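The chain contents come next:
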Amino acid sequence: MLDPELLERITARRAELDQLGEQLAKQLAEVRAERDELAVAERFLDRVSEQLAEERASAAPAPGQVGGRPVMLIPHRTPDVEETMLPPDHQRILAAVRQAAAALREASSRT
């Protein structure tokens, strides 16, 4: 004959394991759902990143042709680009504009 106390322990442990299995199944379902949401977010981010890259590429200035060689007609300048990085001709133009502006200010202050 089987020991009733031992059978009770086995039954109780089986009930604990069944409950733990249900909890783990619920957690696993939640983990899978969140992973699916992350996969959707990644695909969305990839699409948006590609669109932004395409927009930036199409917004970049196209080079022109002077003397048979490609040149930037109007240099693309962003806030982080120093004036010294511009082509020498453009640097000279900016210097001439500054000098002319200074001369105008000086002339107008004398009058």
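Draft legend 1. Just the overall build of the protein, in detail. The number of helices and strands found in the protein is two helices and two strands. Secondary structure elements in the protein, listed N-terminal to C-terminal, are α-β-β-α. Counting every position in the protein, which comprises 111 residues, the buried fraction comes to 2%. Carbon and sulfur atoms form 59% of the exposed surface of the protein, whose accessible area is close to 10300 Å².

Draft legend 2. Spatial organisation of the pattern of salt bridges. Throughout the structure, instances matching the rule amount to three salt bridges. Salt-bridge contacts for Arg13 lead to Glu16; the nearest nitrogen and oxygen are separated by 2.9 Å. Of the two residues, Arg13 and Glu16 both sit in helix 1 (residues 4-59), three residues apart, roughly one turn of that helix. Residue Arg13 is classed as partly exposed on the basis of its relative accessible area, which comes to 46%.

Draft legend 3. Highlighting a nonpolar patch on the surface. A contiguous nonpolar patch, built from Leu2, Leu6, Leu7 and Ile10 and spanning about 380 Å² of accessible area, is present on the exposed surface. Locating Leu7 in the fold gives a position in helix 1.

Draft legend 4. The arrangement of a negative patch on the surface in detail. Together, Glu42, Asp46, Glu50, Glu54 and Glu55 make up a negatively charged patch on the protein surface. Here Glu55 shows up in helix 1.

Draft legend 5. Structural context of the confidence of the model for the protein. Averaged over every residue, the pLDDT of the protein is 86; the share at 70 or more is 89%. When pLDDT is averaged over each helix and strand of the protein, the minimum, 74, is found for strand 1 (residues 63-66) and the maximum, 94, for helix 1.

What counts and what doesn't
- Residues numbered from 1 in each chain as written.
- Predicted model: local features only at pLDDT ≥ 70, side-chain atom pairs only at ≥ 80, totals over all residues.
- Heavy atoms only, no water.
- Helix = DSSP H or I, 4+ residues; strand = E, 2+ residues; numbered from the N terminus.
- Buried < 20%, exposed > 50% of the residue type's maximum accessible area, 1.4 Å probe, protein only.
- Areas by Shrake-Rupley, 256 points an atom, 1.4 Å probe, with all protein chains shown as cover.
- Salt bridge = Lys/Arg side-chain N within 4 Å of Asp/Glu carboxyl O.
- Patch = residues over 30% accessible without salt bridge, like charges linked within 9 Å, V, L, I, M, F, W, Y side chains within 5 Å.
- Lys, Arg positive; Asp, Glu negative; His and termini not counted.
- Charge placed at Lys NZ, Arg CZ, Asp CG, Glu CD.
- pLDDT = per-residue confidence, 0-100.

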